[in-house]
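Summary of the model geometry
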Amino acid sequence: MKNNDAHLTEDQIIVSVIDKNDLDTSTYQHLQDCSLCKKQNLELELRLNGLSKKAENLIKPPQLNIMSVFSEKKKCNTYKKPFIRLLLRPALSFAVIVLCALSIFYLLGSRQSIMQDSLTTGPLSTETLLTEIDSDLKFAETMDNLEDYALSGFITSSDDQNYNLDEFIEFVTLTSNETI
Amino acid sequence: MNVNITTLIVKKAQAGEKKAMEQIITNYNDQIFRLVFYRINSWTDAQDLTQEAFIKAFKNIKKLKEAEKFKPWVYSIALNLVKDFYRKKKFLSFLGQANDLENIIEYDPYSENKSDLIKAKEFEEEIKNKYIKFLSKNEKQIFMLKYIDDLTIHEISQTLNKSESTVKTHLYRSIKKIKRHGGQIK
């Protein structure tokens, strides 16, 4: 605004409210001197700045105990370590110890019984070993016979009932015309 | 509060001094709470978010290179939390599980004067209907920071990581729009 007598425009009033330093020197000077423009500027400024004051006065924020949250969080972090957690929970740690002890006793007991068994039976003589081998071999032989002639009484072998190899192949394989 | 004293306190907090942290909470608790409350309209959620903002700030305070920028930094943390809050709310409303916060006045169970809260809610409605209704997202944000949270232009530019001239332009446009739409400013 070059003319010092001309009043500030609405835009200039807005600019003056946001930051007076953004006005050019002559406008700024006019604002300082002109009571009307000064009044307009003050009114707008008061209205806008009044909002923050109102916002401030309407609410009394609660005092939060944030530091306690921090100390609680630190405590929680220590709980994360499993060993410390066990130490801090006596019932749980007692149960774990009892379980460990029982499993050790069980393992030791089973090992001892195996050792005792081997001690009571002792080594076998060669004669008994040979007779045992003989009986095993006989048993294996009878098993082989049974496999070869299983249910021989129920099966009759006649050539009529046998399928020719070609017929059989024809039966199980697809011809060129057939498709799945 | 003196800027140098604040910087000193922040530096002490960065060194892990609990008393300095407590001092920071005392200094900024009210401002951060108001910032959150006037944006989410819920007393209990505002309490939670304020607490979360401070916890986040103290967890990362060592990362803050310039101690003098603590205020805009903590404000930006709070604003991001508000953004996250709305994102969550949007997601929950999409799932059909969110309450319509807009229509609920939540009371602080320990508050002695509930009428204050109703007045605050009314004021929030007034701000919404007469001022920020006509503004764009950025203009709204800057207008609120300037005229509700009482931040300086320099502080706003640091909080939003925008230049001061951008902030001024947005403010200018906001006031002009409010005037044009016959808002409270005449």
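Residues numbered from 1 in each chain as written. Chains lettered and ligands numbered in written order. Predicted model: local features only at pLDDT ≥ 70, side-chain atom pairs only at ≥ 80, totals over all residues. Heavy atoms only, no water.

1. Regarding the overall build of chain B
Let me state the cut-off plainly: Under the DSSP-based scheme used, a helix requires at least four consecutive residues in state H or I and a strand at least two consecutive residues in state E, with every element numbered from the N terminus. Contact criterion: two residues are considered in contact whenever any of their non-hydrogen atoms come within 4.5 Å of each other.
Each helix and strand in chain B was counted, giving eight helices and zero strands. Ordered by position in the sequence, the α and β elements of chain B form the string α-α-α-α-α-α-α-α. Across chain B, every contact between residues at least 6 apart in sequence was considered, and the portion connecting residues at least 24 apart equals 60%.

2. Details of the overall build of chain A
Our working definition: Exposure classes here rest on a 1.4 Å probe applied to the protein chains alone. A residue is buried below 20% of its type maximum, exposed above 50%, and partly exposed in between. The Shrake-Rupley method, run with a 1.4 Å probe sphere, supplies the accessible areas, and residue values consider only the shown protein chains as cover.
Of regular secondary structure, chain A possesses eight helices and zero strands. When the helices and strands of chain A are placed in sequence order, the string is α-α-α-α-α-α-α-α. In chain A, buried positions account for 17% of the 180 residues. Partitioning the contacts of chain A with sequence separation of at least 6, the portion at a separation of at least 24 is 41%. Counting only carbon and sulfur atoms, one obtains 60% of the accessible surface of chain A, whose full area is about 15,200 Å².

3. Focus on the layout of surface pockets
All names here are of chain B. For the record, the criterion: Space inside and on the surface of the protein is sampled on a 1 Å grid over the protein atoms alone, with a cavity defined as a set of points where a 1.4 Å probe fits but cannot get out and a pocket as an open set with protein on both sides within 12 Å along at least 5 of 7 lines; lining residues have an atom within 4 Å of a point. Grid points are joined across faces, edges and corners, and a volume is the space filled by probe spheres set on the points. When residues are sorted by character, Ala, Val, Leu, Ile, Met, Phe, Trp, Tyr, Cys and Pro go into the nonpolar class, Asp, Glu, Lys and Arg into the charged class, and all the rest, Gly among them, into the polar class. Note that domain bounds follow an automatic or database assignment of domains.
As a volume, the largest pocket reaches approximately 930 Å³. Contributing to the lining of the largest pocket are 27 residues, with V82, Y86, K137, K140 and Q141 lying nearest its centre. Among the elements that make up the lining of the largest pocket, the one with the highest residue count is helix α4 (residues 70-95) (nine residues). For the lining of the largest pocket, a count of residues per class yields nine nonpolar, six polar and 12 charged. Two domains share the lining of the largest pocket, each providing at least three of its residues, namely domain 1 (1-104) and domain 2 (107-186).

4. Focus: the pattern of salt bridges
Stated formally: Put simply, a salt bridge is a Lys or Arg side-chain nitrogen that is within 4 Å of an Asp or Glu carboxyl oxygen.
A full pass over the atoms with the stated rule returns 10 salt bridges over all chains. Its salt-bridge partner being K168 of chain B, residue D19 of chain A comes within 2.8 Å of it at the nearest N-O pair. Here D19 of chain A, found in the loop between α1 (10-18) and α2 (25-33), pairs with K168 of chain B, found in helix α8 (residues 164-180), and the two come from separate chains. Classification of K168 of chain B by relative accessible area gives buried; the value is 16%. Overlapping salt bridges bring together D19 and D22 of chain A together with K168 of chain B as one network.

5. Some details on the state of the cysteines
Let me state the cut-off plainly: Disulfide assignment relies on a single distance test, namely cysteine sulfur atoms paired within 2.5 Å.
Summed over the entire model, instances satisfying the criterion amount to zero disulfides over all chains. Free cysteine C34 of chain A: the closest other cysteine sulfur is in C37 of chain A, separated by 3.7 Å.

6. Observations concerning the interface of chain A and chain B
Under the convention used in this document: The term buried area refers to how much accessible surface (probe radius 1.4 Å) is lost by two components on association, counted for both of them together. Polar contacts, as counted here, are pairs of nitrogen or oxygen atoms within 3.5 Å of one another; within protein the pair requires one atom able to donate a hydrogen and one able to accept it, and residues that are adjacent in sequence qualify only if both atoms are side-chain atoms.
Contact residues are listed per partner, giving 30 residues for chain A and 39 residues for chain B. Together chain A and chain B conceal approximately 3,400 Å² of surface at their shared face, both sides included; 68% is due to carbon and sulfur atoms. Put simply, chain A and chain B have four salt bridges between them. At the junction of chain A and chain B, the tally comes to 11 residue pairs in polar contact (both at pLDDT 80 or more).

7. Focus on the nonpolar core
Here is a general trend for soluble globular proteins: nonpolar side chains tend to be buried in one another's company. Using the following cut-off: Residues belong to a common nonpolar core when they are buried Ala, Val, Leu, Ile, Met, Phe, Trp, Tyr or Cys residues joined through side-chain atoms within 4.5 Å.
Judged by nonpolar contacts, the single largest core of 75 residues is most densely connected at I24 and Y38 of chain B. At 12 residues, helix α2 (residues 18-40) of chain B tops the list of elements feeding residues into this core. Non-local contacts of Y38 of chain B, meaning those with residues more than four positions away in its chain, are made with K54, A55, L58 and I59 of chain A together with A120, F123, E124, M144 and I148 of chain B.

8. Things to note about a negative patch on the surface
As a reminder, the rule being used: Each patch is assembled from residues with relative accessible area greater than 30% and no salt bridge, linking like charges that lie within 9 Å and nonpolar side chains (Val, Leu, Ile, Met, Phe, Trp, Tyr) that lie within 5 Å. Lys and Arg are tallied as positive, Asp and Glu as negative. Neither His nor the chain termini are counted. Where a charge sits is defined by one atom per residue type, namely NZ (Lys), CZ (Arg), CG (Asp) or CD (Glu).
Where like charges cluster on the molecular surface, the negative patch consists of E141, D144, E147 and D148 of chain A. Owing to a relative accessible area of 44%, D144 of chain A belongs among the partly exposed residues under this scheme.

9. What to know about the environment of T50 of chain B
Secondary-structure assignment places T50 of chain B in helix α3 (residues 43-59). It is 7.1 Å that separates the C-alpha atoms of T50 of chain B and V36 of chain B, two residues lying 14 residues apart in sequence. Setting aside residues up to four positions removed in sequence, T50 of chain B forms contacts with L64 of chain A together with N29, I32, F33 and V36 of chain B.

10. Focus on the packing of aromatic side chains
All names here are of chain B. What counts, and what does not: Aromatic rings from Phe, Tyr and Trp, taking only the six-membered ring of Trp, are treated as a pair when their centres fall within 6.5 Å; an angle between ring planes under 30 degrees marks them as stacked, one over 60 as edge-to-face, and anything in between as tilted.
Here the structure, examined in full by the defined rule, presents 11 aromatic pairs over all chains. A centroid spacing of 6.1 Å and a plane angle of 10° characterise the contact between F33 and F37, whose relative ring orientation is stacked. Placement of the pair is F33 and F37 together in helix α2, with a separation of four residues, close to one helical turn. Side by side, F33 and F37 carry an identical accessibility label, which is buried. Taken together, a centroid distance of 5.6 Å and an interplanar angle of 85° make the contact between F85 and Y86 edge-to-face. A connected cluster of aromatic rings, assembled from ring pairs, spans F33, F37, Y38, W43 and F123.

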